[in-house]
Amino acid sequence: MYATKINGSWSLVNLVSRFKDVGGFHLLSDVERAKYGFYPCTVVGENYDKERENRTEVPISWELKNNHVTATYQVAPKPLSQAKEEKRESFKEKRDSMIAEDINNFQIGRQQDRENIQGAIDKWDILTEGESRHWIMADNSVRAVTKQELIDVSNAYAIRQNNVFGQYGILCAMLEMAADIDEVIAIVWEDEVEEKEEGN
């Protein structure tokens, strides 16, 4: 990693990737690069515990000494309230993703998908002749489906939504009661717990 000034402000650059094919610049020594204003750089605080700590987006201090720059990020403990809110948002994303998953190759994640299914069920006798009708599946294939299949998918979605929201509610309640960061980190979805146990 190297540091250089751009419009009067320090910036971190990667010379290997950025200058690979520019006039052999990547072949220069650090002393030669320093003559062009590119200094080898030590970054302090670049790696941090994202669950327990906050870090500034850019280094807050730069020190040039003996043709070497030290760039320092500010790292501080994450407030408990922030950790809870970030975990709650991750649970919300997980909740929405689980609810939107296809069911038996039926696309059901969008409101329009569910309205199409319910509309076909409600108006089956008007819109359909016979025991089945063609339906475009989640993988873009087309096959004949029955009214009962659509009813089963609709029911499965309702059950899934109820179960997932129930789990989400429990996890959010646990977050509210968490007394420290470690307790927040320990709160996970049931399937995540199973994945961790299988990996051990």
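Because the structure is a prediction, the values reported are computed rather than measured.

**Some points on the nonpolar core**
1) Next: Counting 27 residues, the largest nonpolar core has Phe91, Phe106, Ile117, Trp135 and Leu150 as its most contacted members.
2) Next: Counting only elements with at least two residues in this core, the list comes to helix H3 (80–100), helix H4 (111–122), helix H6 (147–177) and helix H7 (181–186).
3) Next: Top element by residues in this core is H6. It accounts for 8 residues.
4) Next: Not counting residues within four places of it along the chain, the set of residues in contact with Trp135 comprises Phe106, Asn116, Ile117, Ala120, Ser141, Val142, Arg143, Val145 and Leu150.
5) Next: Core analysis: the second largest hydrophobic core is formed by 7 residues, Trp10, Ala34, Tyr39 and Ala71 among them.

**As for the sheet that holds strand E6 (residues 68–72)**
1) Next: Spatially, 5 strands are ordered E2-E1-E3-E6-E5 in an open sheet, and the strand pairing comes out mixed. Across the chains shown, the open sheet's two edge strands, defined by having one partner strand only, are strand E2 (9–13) and strand E5 (61–65). Neighbour-to-neighbour, the strand axes of the sheet open up by a mean angle of 40°, direction not taken into account.
2) Next: Summarising the sheet, strand E3 (residues 39–44) and E6 pair through 4 bridges and their orientation is parallel. Note on E6: the bridge partner recorded for Val44 is Thr72.

**Considerations on the pairing of strand E9 (residues 142–146)**
Looking down a regular strand, the side chains alternate between one sheet face and the other.
1) Next: Here strand E8 (residues 132–136) runs beside E9; their pairing, made up of 5 bridges, is antiparallel. In the sheet register, Arg133 faces E9, and the bridge partner there is Val145.
2) Next: In textbook terms, the turn of a hairpin is the stretch between consecutive antiparallel strands, and for E8 and E9 this stretch comprises 5 residues, one of which, Asn140, has a positive phi near 70°.

**Some remarks on H3**
1) Next: Its 21 residues place the ends of H3 30 Å apart at the C-alpha level, agreeing with the 30 Å of an ideal helix rising 1.5 Å per residue.
2) Next: For H3, the complete set of buried residues consists of Ala83, Lys84, Lys87, Arg88, Phe91, Arg95 and Ile99. Looking down the long axis of H3, one finds its buried residues gathered within 130° of arc, a one-sided arrangement.
3) Next: If you follow the buried residues of H3, they end up packed against H6 and H7.

**Some words on the packing of aromatic side chains**
1) Next: On inspection of all chains with the given rule, the structure shows 4 aromatic pairs.
2) Next: Arranged with centres 6.0 Å apart and planes meeting at 15°, the rings of Trp10 and Trp62 form a pair that is stacked. One end of the pair, Trp10, is in strand E2; the other, Trp62, is in strand E5, and 52 residues separate them in sequence.
3) Next: Aromatic pair Phe91 and Trp189: ring centres 6.2 Å apart, planes at 90°, arrangement edge-to-face. Here the residue Phe91 occupies a position in helix H3, and Trp189 occupies one in the loop between H7 and helix H8 (190–199), the gap between them amounting to 98 residues.
4) Next: Judged by relative accessible area, which is 2%, Phe91 ranks as buried.
5) Next: According to the relative accessible area criterion, Trp189 is buried, its value standing at 1%.
6) Next: In textbook terms, an aromatic cluster arises when at least three aromatic residues are bridged by ring pairs, as seen for Trp10, Tyr39 and Trp62.
7) Next: Stacked on the ring of Tyr73, the Lys or Arg Arg55 has its end atom at 3.9 Å from the ring centre.

Calculation notes
- Residues numbered from 1 in each chain as written.
- Predicted model: local features only at pLDDT ≥ 70, side-chain atom pairs only at ≥ 80, totals over all residues.
- Heavy atoms only, no water.
- Core = buried A, V, L, I, M, F, W, Y, C linked by side-chain atoms within 4.5 Å.
- Buried < 20%, exposed > 50% of the residue type's maximum accessible area, 1.4 Å probe, protein only.
- Helix = DSSP H or I, 4+ residues; strand = E, 2+ residues; numbered from the N terminus.
- Contact = heavy atoms within 4.5 Å.
- Pairing = 2+ DSSP bridges.
- Axes fitted to C-alpha atoms, helices over the stretch in contact; angles between N-to-C directions.
- Expected span 1.5 Å × (residues − 1).
- Arc of directions from axis to C-beta.
- Phe/Tyr/Trp six-rings, centres within 6.5 Å; stacked < 30°, edge-to-face > 60°.
- Lys NZ or Arg CZ within 6 Å of the ring centre and 35° of its normal.

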